[in-house]
Amino acid sequence: MLDIKFIIENLDTVRDGLEKKGYTKDVLDLDALTALYKEVNKLKTSSQSIAEEKNKLSNAIKSASSEERPSIIAKSKALGEEFKLLQDELNTKQDEFNLMMLKMPNMPSPESPIGPDDSANVVRRKVGNIREFSFTPRDHIELMEINDWSEMERIAKVSGSRTYAIKNDLAQLELAMHMMVLDKLREHGFTVITVPSISKEKPLYGQGYLPFSRDEVYHLPNDDVYLSGTAELILNSLRADEILTENELPILYAGFSPCFRREAGAAGKDTRGLVRVHQFMKTEQFVICKNDINESEKWHQKLLQISEEVLQDLELPYQVLEVCTGDMGAPKYRQYDLEAWVPSQNCYRETHSCSNITEWQARRTNLRYRENESGKVKFVHTLNNTGIATPRALVPFMENHQNEDGTVNIPVKLQPYMGGKKIIGKNC
RNA sequence: GGAUAGAUGGCCGAGCGGUCGAAGGCGCACGAUUGGAAAUCGUGUGUACCCCCAAAGGGUACCGUGAGUUCGAAUCUCACUCUAUCCGCCA
């Protein structure tokens with residue numbers, strides 16, 4: 001959420017930001033928003049002055065004589081009626097205003113490339129060499145089949161499409177990746193935390209998932225709860241409504257959780273294999289820091305660096321993509337995606353998404369801190385980034401590290417988490 | 001699933017229709033005292049919003065959430081949420 005006062009004082013900047021993010025006037029009308037804000041304030045002023053008068057009368061009653069009492073009560077009662085009418089109108093307008101504010105996206109960073117969709121994303125750098133195969137490489141599905149690493153067809157019968165079951169060394173590999181990343185994050189000062197995948201509705205508004213994309217999230221109507229698509233959802237609301245001390249910041253969470261996504265908008269995309277599934281596991285990096293753009297940009301770079309280290313430790317070639325204004329989601333100020341090379345698709349595929357949200361989420365969750373020097377209460381900045389997400393990360397992993405006989409090499413950094421194994425597969 | 005108890009400020013805790021934004025304590029900040037500190041004493045100590053160019057000032061709301069009763073609600077009524085304990089079930 002943005003600050004309404006900021007919006008009003010910087011109408012042109014905000015209009016420009018909206019445009020860059022792909023919001024046209026018929027989606028979000030700033031003139032209507034400011035007019036509504038003024039109307040709400042007017043109603044507030046008049047309803048508050050009635051409340052004031054009413055309070056005065058009520059207070060007068062206790063000291064009034066029994067003769068004056070009935071007339072004061074009658075007066076106060078009449079004011080009460082008037083108050084209620086105004087209050088109803090105010091509530092309606094206020095709800096309308098709140099909804100509009102919930103729909104306002106964050107302003108993009110001036111550093112972000114400007115463009116309407118992913119075609120305008122900019123490759124900032126490529127790291128690692130794309131391997132030249134001396135044989136015809138297999139895709140990850142074939143590799144799983146020849147090594148007896150999966151039960152893809154059978155699990156589809158049990159659990160439906162876009163689910164996966166992997167076994168033997170590959171199952172161990174999946175968990176090993178998370179352990180490796182959690183260890184790394186702990187070394188960087190993160191608090192390792194495992195969180196539920198069950199969420200009430202409110203955190204979805206806090207994160208900025210709602211009111212934007214209800215279709216994407218699983219809803220369990222019997223209990224009116226939702227299945228979380230990322231630990232970010234939970235971690236973002238974990239400290240909601242608190243006023244932290246500045247000394248507590250930054251708060252660094254390494255959150256592990258199963259994640260659920262309906263993939264409603266991805267029909268027909270990546271239907272086979274491990275790239276896009278309804279349920280997966282993710283270790284998430286989440287940062288809560290001071291309200292200072294230099295501070296949060298510093299953390300943004302730090303998070304990016306950590307996930308680059310992860311891909312480097314996994315010895316995967318990757319590129320750093322800076323996401324353009326039109327392709328980043330509403331909550332985001334600035335976003336990088338990391339994409340690892342997938343030989344069978346002859347392209348880079350997203351493994352990490354690293355975002356600075358600035359205070360946009362904190363305004364929604366009402367998460368603040370008291371500044372040491374000024375004693376002022378300010379909204380925190382939040383940031384999030386993937387640590388590692390499986391099984392997707394297994395796709396570039398298997399394909400890049402495969403040998404001609406179908407075995408897969410384990411990079412040195414991961415070997416301790418694989419019981420010292422240097423290579424996995426049926427033929428080794 | 002069944003049965004009880006409960007939800008008050010940063011924390012503990014009183015209040016059970018008006019004088020309550022809320023006693024008292026702890027904590028915290030500032031000041032006095034001290035060579036310095038501890039102890040002691042004094043003062044202060046929530047958030048959001050509205051009016052106001054701003055400051056000063058004035059006002060409204062908030063005692064889990066939402067509705068209701070009343071001239072007036074932390075206090076009474078209802079619903080909901082959450083927490084604790086016991087029983088049952090269970091990885």
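Residues numbered from 1 in each chain as written. Chains lettered and ligands numbered in written order. Predicted model: local features only at pLDDT ≥ 70, side-chain atom pairs only at ≥ 80, totals over all residues. Heavy atoms only, no water.

Regarding the state of the cysteines
No. 1: Under the criterion given, the structure shown has 0 disulfides.
No. 2: As a non-bridged cysteine, Cys259 has Cys354 as the owner of its nearest cysteine sulfur, 16 Å distant.
No. 3: Among the residues examined, Cys259 registers a relative accessible area of 0% and is labelled buried.
No. 4: Considering cysteine sulfurs only, Cys354 is the nearest to Cys324, which forms no disulfide, with 16 Å between them. (Disulfide = S-S within 2.5 Å. Buried < 20%, exposed > 50% of the residue type's maximum accessible area, 1.4 Å probe, protein only.)

Some thoughts on helix α3 (residues 30–63)
No. 1: Counted at 1.5 Å a residue, the expected span for α3 with its 34 residues is 50 Å, and the 50 Å between its end C-alpha atoms agrees.
No. 2: Inspection of α3 places Leu30, Leu33, Thr34, Leu36, Tyr37, Val40, Leu43, Ser47, Ile50 and Leu57 among the buried residues, and these make up the whole buried set.
No. 3: Summarising the contacts, the buried residues of α3 are in contact with α1 (4–9), α2 (11–20) and α4 (69–103). (Helix = DSSP H or I, 4+ residues; strand = E, 2+ residues; numbered from the N terminus. Expected span 1.5 Å × (residues − 1). Contact = heavy atoms within 4.5 Å.)

Observations regarding the packing of α3 against α4
No. 1: In the contact formed by α3 and α4, the axes pass within 8 Å of each other and the chain directions differ by 155 degrees. The angle between α3 and α4 places the two elements in the roughly antiparallel class. Along this stretch, α3 crosses α4, giving a crossing that reads as left-handed.
No. 2: Grouping the constituent residues of the contact of α3 with α4 by class yields 19 nonpolar, 7 polar and 11 charged. (Axes fitted to C-alpha atoms, helices over the stretch in contact; angles between N-to-C directions. Parallel < 35°, antiparallel > 145°, perpendicular 65-115°, else oblique. Left-handed = near helix turned anticlockwise from the far one by under 90°. Nonpolar A, V, L, I, M, F, W, Y, C, P; charged D, E, K, R; others polar.)

Regarding the sheet that holds strand β5 (residues 225–227)
No. 1: Taken together, the 3 strands give an open sheet; going across it, the order is β3-β5-β4, and neighbouring strands pair in antiparallel fashion. If you trace the sheet from one side to the other, it starts and ends with β3 (198–199) and β4 (218–220), each paired once.
No. 2: Two strands pair when backbone bridges link them, and β4 and β5 are joined in this way by 3 bridges, in the antiparallel orientation. Each bridged residue has a counterpart across the sheet, and for Leu220 the counterpart in β5 is Val225. (Pairing = 2+ DSSP bridges.)

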